[in-house]
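Fold and geometry: a report
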Amino acid sequence: MFLPPLVHTSIIVNGNRILKNILFCIDQTIGFIQSPVPNVLLLLTDDQDVELHGLHPLQKTTELLTEYGTKFTNAYTSTPLCCPARASLLTGQYAHNHLTFNNSINGGCNGHHWRTLSELRTLPVLLQKHGYHTFFAGKYLNQFKGAEVPPGWDKFYGLHGNSRYYNYTIRENRRNVSYADIYLTDMLRDRTLKFIHNVRKGQNPFFAMISPPAAHAPFTPAPRHKGVFSHVRALRTPSFNAPSKDKHWLVRTAKRLPNSTVLTVDKYFQKRWETLLAVDEMMVAIITLLKKYQCLDNTYIIYTSDNGYHLGQFAQPFDKRQPYQTDIKVPLLIRGPDVPGSILMNFAVSLVDLMPTILEWVGLSVPNYVDGRSFKDELLQLHPAKRQSQHRVLLVEYWGEGNDETYNSECPGKQTDHLAQCTLDADCHCQDAWNNTYTCIRDFRYKLDRIYCEFYDTENFIEAYDLIQDPYQLKNIGYELLPSERTLYGFLIGNLTVCAGKSCHINY
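The following paragraphs examine the structure supplied in this document. (Residues numbered from 1 in each chain as written. Predicted model: local features only at pLDDT ≥ 70, side-chain atom pairs only at ≥ 80, totals over all residues. Heavy atoms only, no water.)

Here's the deal with the overall build of the protein
Threshold: Helix and strand labels come from DSSP, where a helix needs a run of H or I of at least four residues and a strand needs a run of E of at least two; each type is numbered from the N terminus. With the radius of gyration taken over C-alpha atoms, the globule rule is written as 2.2 Å times the number of residues to the power 0.38. To sort residues, take the accessible area from a 1.4 Å probe on protein chains only and compare it with the maximum for the residue type: under 20% means buried, over 50% means exposed, and anything in between is partly exposed. In this description, accessible areas are obtained by the Shrake-Rupley approach with a 1.4 Å probe, and a residue is regarded as covered only by the protein chains that are shown. Charge assignment: positive for Lys and Arg, negative for Asp and Glu; neither His nor the chain ends contribute. By convention, the charge on Lys lies at NZ, on Arg at CZ, on Asp at CG and on Glu at CD.
A tally of helices and strands in the protein yields 13 helices and 22 strands. Radius of gyration (C-alpha) of the protein: 23 Å, near the 23 Å computed for a compact globule of 508 residues. Along the first, second and third principal axes, the C-alpha atoms of the protein reach 75 × 55 × 45 Å. With 508 residues in all, the protein has 60% of them scored as buried. Carbon and sulfur atoms provide 52% of the accessible area of the protein, an area that totals close to 20,300 Å². Taking the 51 positively charged and 48 negatively charged side chains of the protein as two groups, their mean positions are separated by 6 Å.

As structure tokens, this is what we get:
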């Protein structure tokens, strides 16, 4: 089929005049016309670790995204908790700027500031204004209850509340619909495939964000996947079920887990992996359809998670919320136009960096309020030595939760202790507290990989680890650092906790 030069303003396809010089996705029966404006597909899982081999169930996804794309080895959440991490991804801002501090309404999750300011300038809002057809399916924010479709989405299938696999309600554009027996990940897969099928007929590029419940509690695998990993135990890292006395008080008070709790940890580890098998199937189906409609080569595909997860490390049963690699490190796989294939990228990135990177991919300028920094140039850098040796400082911040209402009367302790996440299946180990509040610096330099944390508790405790010599964070070197080093890190923390926009781009 003859195609006119791109300076023409229209073409005729099967008798229909298209008022653009190109199409973004065209069925093979029509023919293929490559678009210079890319599509973007972002898949965000829930509580998926990378340190405990959380990508293992994603065998096909990993192959499809790494053989033709890049795998990041140093990708981090800015806050190891669902709602603030998701708010950071959508806004490109640290939590101290979008003011979503935890998973509660009072903590800013889908609260007044979010709905009246932050949500109005999220990534989908900017892309929609730029002519993108936008689509969302899955968990949005923990306190989203489906009152209305958030701004920026043309098609919206948002889960009410926190992750679940059955018996859920979805805000389906103009109405709320409840489902009892349809596995949620499969529902999201079908909605996404239908969207891609329909949008290929249009003239606009698309931005699709899919957020399945896996691998979040209650760890319910699809029936076809139950028992697949029944032979697997939780990864026995050197810190597994090993209480540590050089950590901040909440972790330091942990006692060795009894065998019954270790068996529970193993069971949850297995089921978490099994929930991810449906995600692997979904990704294969999406990529297959994009390839069928000849959109794949013009679509950026991003696979990541809102935060990581620990299972048994330092005798902590199962949760996130801690400043250790298990909790703050996330998977990140990217393929798309000009993204190098079969590459391991050591350059450090944060979830706040995804928004500015996507904006640069599609030719938009990055707003001044965005704290993250685009890694577009590093990703496309042709010289591996330059790509791997970049210095970078990342911020990780967390505000502990705990009040009178989070007290569990079935567990030891007092209501006035303001502990949280105390459950019987975790042997009543409380995994959060009102002063489990900290700020950390992830420091990447030539031949140096370090984390330094300051806790805002009654001890003003400090933790630091040399991740090259001590990848499992067994030895706290915070009080062994030179005074000049601690002064420098304190200075960085002081600046980054109040930074905004480009002032957050600190290298030294």
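A word on the side chain of T134
Put simply, the rule is: Two N or O atoms count as a polar contact when they lie within 3.5 Å, although within protein this holds only if one can serve as hydrogen donor and the other as acceptor, and sequence-adjacent residues are included solely when both atoms are side-chain atoms.
Mapping T134 onto the fold places it in strand β6 (residues 133–139). Assessed through its relative accessible area of 0%, T134 is described here as buried. A polar contact is formed between the side chain of T134 and the backbone oxygen of G152, at a distance of 2.6 Å. Here the side chain of T134 touches D154 through a polar contact of 2.8 Å, landing on its backbone nitrogen.

Quick notes on unusual backbone geometry
Cis rather than trans, the peptide bond between A214 and A215 has omega equal to 5°. The topology assignment puts A215 in the loop between β10 (206–211) and α7 (249–252). Within the chain, F219 stands out as a residue other than glycine whose phi angle is a positive 55°. Looking at the element boundaries, F219 is found in the loop between β10 and α7. Despite not being glycine, H418 shows a phi value in the positive range, around 55°. Checked against the element boundaries, H418 lands in the loop between β17 (392–398) and β18 (419–420).

Some points on the nonpolar core
One recurring pattern in soluble globular proteins: nonpolar side chains tend to sit buried together. As a reminder, the rule being used: What is meant by a nonpolar core is a set of buried Ala, Val, Leu, Ile, Met, Phe, Trp, Tyr and Cys residues, joined one to another through side-chain atoms within 4.5 Å. Should any heavy atoms of two residues lie within 4.5 Å, those residues are considered in contact.
Residues F72, Y140, F207, M209, I302 and I334 are the most contacted members of the largest nonpolar core, which totals 44 residues. Only β3 (39–45), α2 (82–91), α5 (123–129), β10, β11 (299–305), β14 (332–335) and α10 (354–361) provide two or more residues apiece to this core. Beyond its immediate sequence surroundings of up to four residues, F207 is in contact with V40, L42, L123, P124, L127, Y132, H133, T134, F135 and W153. Listed in part, the 42 residues of the second largest apolar core include Y183, V199, A215 and M282.

Observations concerning the packing of aromatic side chains
Using the following cut-off: Between rings of Phe, Tyr and Trp, where Trp is taken as its six-membered ring, a pair exists when centres lie within 6.5 Å; planes separated by under 30 degrees are stacked, by over 60 edge-to-face, and by other angles tilted.
Counted according to the given criterion, the structure contains 28 aromatic pairs. Ring geometry for Y76 versus F444: centroids 5.9 Å apart, planes at 50°, classification tilted. With Y76 in strand β5 (residues 75–76) and F444 in strand β20 (residues 438–445), the pair connects residues that are 368 residues apart, well separated along the chain. For the pair Y140 and F156, a centre-to-centre distance of 5.8 Å together with 85° between the ring planes defines the contact as edge-to-face. Residue Y140 is found in the loop between β6 and β7 (155–159), and its partner F156 is found in strand β7; the two are separated by 16 residues along the sequence. Within the aromatic cluster, the residues linked to one another by ring pairs are F136, Y140, F144, W153, F156 and F207.

With respect to the pairing of strand β8 (residues 168–172)
Definition in use: We call two strands paired when DSSP finds no fewer than two bridges between them.
With four of five residues buried, β8 lies mostly within the body of the structure. Pairing of β7 with β8, which is carried by three bridges, proceeds in the antiparallel orientation. When the bridges of β8 are listed, Y157 appears paired with E172. Here β8 hands over to strand β9 (residues 175–179) after two residues, with N173 in that stretch at a positive phi of 60°.

Observations concerning the state of the cysteines
Where we set the bar: We call a pair of cysteine sulfur atoms a disulfide whenever their separation is within 2.5 Å.
Evaluated as defined, the whole model comprises five disulfides. At a sulfur-sulfur separation of 2.0 Å, the disulfide partner of C422 is C430. Between C422 and C430, the S-S dihedral sits near 115°, and the bridge is therefore right-handed. The class of C430 is buried, set by a relative accessible area of 10%. With no disulfide partner, C82 has as its closest neighbouring cysteine sulfur the one in C83, 8.2 Å distant. Residue C82 is classed as buried on the basis of its relative accessible area, which comes to 0%.

Honestly, that's just the spatial picture; any functional story needs more than this.
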